[in-house]
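Secondary and tertiary structure notes
What follows is each chain in one-letter form.
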Amino acid sequence: MMNQLEMRAVYTQTLIELAKKDERIVLLEADLMKASGTGIFKNIFPERTFNMGVAEANMVGVAAGLSAGGKIPFSDTFACFAARRAYDQFFISGNYARLNVKLVGTDPGIASEYNGGTHMPFEDIGIMRNIPKLVVFEPSDPVSLKKLVEKSASYQGCTYMRLHRKPITVIYSEEDEFELGKGKILKDGTDITLIASGAIMVAEALKASELLIEEGISAAVIDMHTIKPIDTELILHYARKTGGLVTCENHQQINGLGSAVAETLIENYPVLLNRIGVRDEFGEVGKTDYLLERYQLSAGHIVSAAKTNLEQRKKLELIQI
Amino acid sequence: MEKQELKQLEAKAKEIRKMTIDSIGYLGVGHIGGALSVVEILTLLYYKHMDTSPEEPKRKDRDKLVLSKGHAGPTLYSILADKGFFPKEWLHTLNKGGTRLPSHCDMNCTPGIDMTTGSLGQGMSAAIGIAMANRLDGVDKKVYLIIGDGESNEGQIWEGAMAAAHYKLNNLIAFTDYNKMQIDGYVHEIMNIDDLNAKWNAFGWFVQRVNGHDFLDMDMAVERAKRELYRPSMIILDTIKGKGAFFAERRLDNHNMNVNYDTAKEACRLLDQEN
Ligand SMILES: Cc1ncc(C[n+]2csc(CCOP(=O)(O)OP(=O)(O)O)c2C)c(N)n1
Ligand SMILES: [Mg+2]
């Protein structure tokens, strides 16, 4: 089951299928088409593909205009530039104007590897989460990518997707259904719940759950592909069921998945939550393996967080020994 | 420029080019194209025009350079290492986890780097700010700025163009590395920036255009720019992306390439055989 597919190829193929059925779909790039891998889309739909050059703010503003003109624009660039460079254009012309811009940020977090600190977005989910009504999501594998992009296209309103463009192992089957705003249970468990988002962290969480089994700890694993709106029902169900949670994200701890889960818990059913994520730091260059350790995101750190969670609950006498 | 000096600069440029190819080849991947098109201009500035102080990189009263196309960092690192800002051994740590030499220029990591860059367009504004600070402090030194032609797609470049001319920053000498290519293809096909001379002229800059691999032409242009009394200077450099590396030169995929170390060494050998 180690079948891997290149995410950007899946993204492009999905867009092509959508565009064949719906002529409103158009594509914008900002001199990173080679990185996004959407060249094939351009070959098939040259008149519906616009390379806007290295000018992200203009690209996203133009996308909003295309939407005002009745089109459904998908607009790609590195996540750092999608989120930071074009934020005001996305906020005002896209979201505040209640238009329909599908913004895609590639190479989220440590996935930007060799491009280093300037290119390593640990804050994009945070700032995007603050835009009213915006749907923010991050698929974890090729199947969920395809299905969620389809959902995004048919959703009326702006969306922001984090896209890991490299080859990623398939974890879902073609029969799996996906809804924006509804997390997926990858593994059931009784002692603790690992809630992860994105290709890198869902894989690490699954690895961690295997390691925990060896320690006699049964961990549920949830793929929280949509960070906003967050799946309150699923979080509360597992908070009740397992009594403790660990969130796992390739993003700042501040204002990301962990924050969204914490907000849900604190107002409804407070249980102990530990958060795996970047601890108020900037990015830096390195390979994924190096960066996973550098920012304490790897499966090993998830295991430690899960054990800390259980020990603390014991101390607080929240669970019986 | 004396013949002797020209020969020295050409020899130095070859050395810097080889060091740059070697450091990227040693890692196995990198922004080889845009690194090699700026070898001559950086060599000219650092070995002829700029007052730098390797022993005291933070000295205020010296010329500064902002490499706004920050992905060309490896070329600048070769020069800074050669000048003694840090040990040459560092070049083989390029872009490795924990390095002091990241892919994009970072003033907090690398001695001798005057501004952190990597998000295209931002070096433009930063250079303007440094030039303004110099003026406020009565520091009579130049700020050199290098932007890319693809980078010139960014609105921020043109906001800066307006501001630098408005504030009559004659202490700012900028260069466009006009290598005619960006990532996705030729600049004129992806997002055309022509007529570049006319644009900078219209913004009120002193504009010159020279061969960016020719020391004599560039040197004269810089001398003229230094004498300009009121306007910021833009020197448009006609260059070749990937210049001097047989595996990269003029290739449309040379922006960020995998480079086999043996191939890199072969490229250096070929450069040695030229005279
Ligand atoms: C704001 C921003 N957008 C996108 C990028 C990604 N990027 C890096 S280099 C580059 C192309 C730059 O082309 P050019 O300025 O011509 O560089 P050169 O040919 O000198 O390498 C792009 C799009 C970036 N670094 N910053
Ligand atoms: Mg260029």
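In what follows, the accompanying structure is described. What you see is a predicted model; the values in this text were computed from it and never measured. (Residues numbered from 1 in each chain as written. Chains lettered and ligands numbered in written order. Predicted model: local features only at pLDDT ≥ 70, side-chain atom pairs only at ≥ 80, totals over all residues. Heavy atoms only, no water.)

The subject of this paragraph is the overall build of chain B. Of the regular secondary structure elements, chain B holds ten helices and seven strands. Expected size for 275 residues packed as a compact globule is a radius of gyration near 19 Å; at 17 Å, chain B falls within 12% of this value. Counting only C-alpha atoms and orienting by the principal axes, one finds that chain B spans roughly 50 × 45 × 40 Å. A burial count over chain B gives 59% of its 275 residues as buried. Across chain B, contacts joining residues at least 24 apart in sequence account for 74% of those joining residues at least 6 apart. Accessible surface computed for chain B: about 11,000 Å², of which carbon and sulfur atoms make up 50%. (Helix = DSSP H or I, 4+ residues; strand = E, 2+ residues; numbered from the N terminus. Rg over C-alpha atoms; globule rule 2.2 N^0.38 Å. Buried < 20%, exposed > 50% of the residue type's maximum accessible area, 1.4 Å probe, protein only. Contact = heavy atoms within 4.5 Å. Areas by Shrake-Rupley, 256 points an atom, 1.4 Å probe, with all protein chains shown as cover.)

Once that is clear, we can look at the sheet that holds strand E13 (residues 244–252) of chain A. Residue and element names in this part refer to chain A. Here we have five strands laid out as an open sheet, ordered E9-E11-E10-E13-E14, and mixed in their pairing. Two strands in the sheet have a free side with no partner beyond their single neighbour: strand E9 (184–187) and strand E14 (272–278). Adjacent strand axes in the sheet meet at a mean angle of 25°, parallel and antiparallel pairs treated alike. As judged from the five bridges shared by strand E10 (residues 192–196) and strand E11 (residues 219–223), these two strands associate in the parallel manner. Counted as the bridge partner of Ile 195 is Ile 222 from E11. (Pairing = 2+ DSSP bridges. Axes fitted to C-alpha atoms, helices over the stretch in contact; angles between N-to-C directions.)

Let us now look at the nonpolar core. Residue and element names in this part refer to chain B. Core analysis: the biggest nonpolar cluster contains 54 residues, and Ile 21, Ile 41, Leu 65, Leu 76, Phe 175, Ile 235 and Phe 247 have the highest contact counts within it. It is helix H1 (residues 3–27) that contributes the most residues to this core, seven residues altogether. Discounting chain neighbours no more than four positions away, the residues touching Ile 21 are Ile 32, Leu 36, Gly 244, Ala 245, Phe 247, Ala 264, Ala 267, Cys 268 and Leu 271. (Core = buried A, V, L, I, M, F, W, Y, C linked by side-chain atoms within 4.5 Å.)

All names here are of chain A. Viewed as axis vectors pointing N to C, helix H10 (residues 232–242) and helix H11 (residues 257–268) meet at an angle of 65°, and their least axial separation amounts to 10 Å. Compared by their axis directions, H10 and H11 come out roughly perpendicular. Along this stretch, H10 crosses H11, giving a crossing that reads as right-handed. Residues Thr 232, Ile 235, Leu 236 and Ala 239 of H10 lie in contact with H11, whose contacting residues are Val 261, Thr 264, Leu 265 and Asn 268. Residues belonging to the contact of H10 with H11 are distributed by class as follows: five nonpolar, three polar and no charged. (Parallel < 35°, antiparallel > 145°, perpendicular 65-115°, else oblique. Left-handed = near helix turned anticlockwise from the far one by under 90°. Nonpolar A, V, L, I, M, F, W, Y, C, P; charged D, E, K, R; others polar.)

The subject of this paragraph is the site of ligand 1. Taken together, 24 residues surround ligand 1, and among them A:Glu56, B:Lys69, B:His71, B:Asp149 and B:Lys241 come closest. Flanking ligand 1 are residues from chains A and B. Interatomic distance of 2.5 Å between a side-chain N/O atom of A:Glu56 and a nitrogen atom of ligand 1. B:Lys69 has a polar side-chain atom sitting 2.7 Å from an oxygen atom of ligand 1. (Near = heavy atom within 4 Å. Polar contact = N/O pair within 3.5 Å; in protein donor to acceptor, adjacent residues only side chain to side chain.)

Below, the discussion takes up the pattern of salt bridges. All names here are of chain A. Tallied over the full model, the rule gives 38 salt bridges over all chains. Among the ionic pairs, Asp 107 bridges to Arg 165, the shortest N-O distance being 2.6 Å. Of this pair, Asp 107 sits in the loop between strand E5 (102–106) and helix H7 (124–129) while Arg 165 sits in the loop between strand E7 (159–163) and strand E8 (167–169), and the two are 58 residues apart along the sequence. The exposure class of Asp 107 is buried, given its relative accessible area of 4%. Glu 204 is paired through a salt bridge with Lys 207; the nearest N and O atoms lie 2.9 Å apart. Pair noted here: Glu 204 and Lys 207 are both in helix H9 (residues 199–214), with a separation of three residues, about one helical turn. You can call Lys 207 partly exposed: its relative accessible area is 46%. (Salt bridge = Lys/Arg side-chain N within 4 Å of Asp/Glu carboxyl O.)

Here the focus is the packing of aromatic side chains. Residues and elements named next belong to chain B. Enumeration according to the criterion identifies twelve aromatic pairs over all chains in this entry. With 5.4 Å between their ring centres and 85° between their planes, Tyr 26 and Tyr 261 make a pair best called edge-to-face. Here Tyr 261 lies in helix H10 (residues 261–273) and Tyr 26 lies in helix H1, a separation of 235 residues in the sequence. For Tyr 26, a relative accessible area of 38% translates into the label partly exposed. Seen from their ring centres, Trp 158 and Phe 203 are 5.3 Å apart, and the 40° between their planes marks the pair as tilted. Separated by 45 residues along the polypeptide, Trp 158 in helix H6 (residues 155–166) and Phe 203 in the loop between helix H8 (196–202) and strand E5 (206–211) bring together distant segments of the chain. For Trp 158, a relative accessible area of 15% translates into the label buried. Of the aromatic side chains, those joined through ring pairs into one cluster are Trp 158, Trp 200, Phe 203 and Trp 205. When the ring centre of Tyr 47 is taken as origin, the NZ or CZ atom of Lys 83, which lies over that ring, is 4.9 Å away. (Phe/Tyr/Trp six-rings, centres within 6.5 Å; stacked < 30°, edge-to-face > 60°. Lys NZ or Arg CZ within 6 Å of the ring centre and 35° of its normal.)

Let's shift gears to the sheet that holds strand E4 (residues 72–78) of chain A. Strands in a sheet are paired, the pairing made by backbone hydrogen bonds, and the direction either parallel or antiparallel. Residue and element names in this part refer to chain A. Here seven strands make up an open sheet; going across it, the order is E3-E2-E4-E5-E7-E6-E12 and the pairing mixed. Lying at the two open borders of the sheet, with one neighbouring strand each, are strand E3 (49–51) and strand E12 (226–228). Taken pair by pair, the neighbouring strands of this sheet meet at an average axis angle of 20°, ignoring direction. Strand direction decides the pairing type here: strand E2 (residues 25–29) and E3, joined by three bridges, are parallel. Across the sheet, Leu 27 pairs through a bridge with Thr 49, a residue of E3. Strand contacts of helix H1 (residues 7–21): E2, E4, E5 and E7, with the helix running at about 145° to E2, the strand carrying the most contacts.

Glancing now at the interface of chain B and chain A. Listed by partner, the interface residues are 28 residues for chain B and 21 residues for chain A. Interface of chain B and chain A: buried area, both sides summed, is about 1,800 Å²; carbon and sulfur atoms make up 50% of it. Considering only the side of chain B, the residues that lose the most area to chain A are B:Glu154, B:Ile183 and B:Asp184, jointly responsible for 28% of the buried surface there. For the pair chain B and chain A, the interface holds one salt bridge. Where chain B meets chain A, there are 19 residue pairs in polar contact (both at pLDDT 80 or more). (Buried area = accessible area lost by both parts, 1.4 Å probe.)

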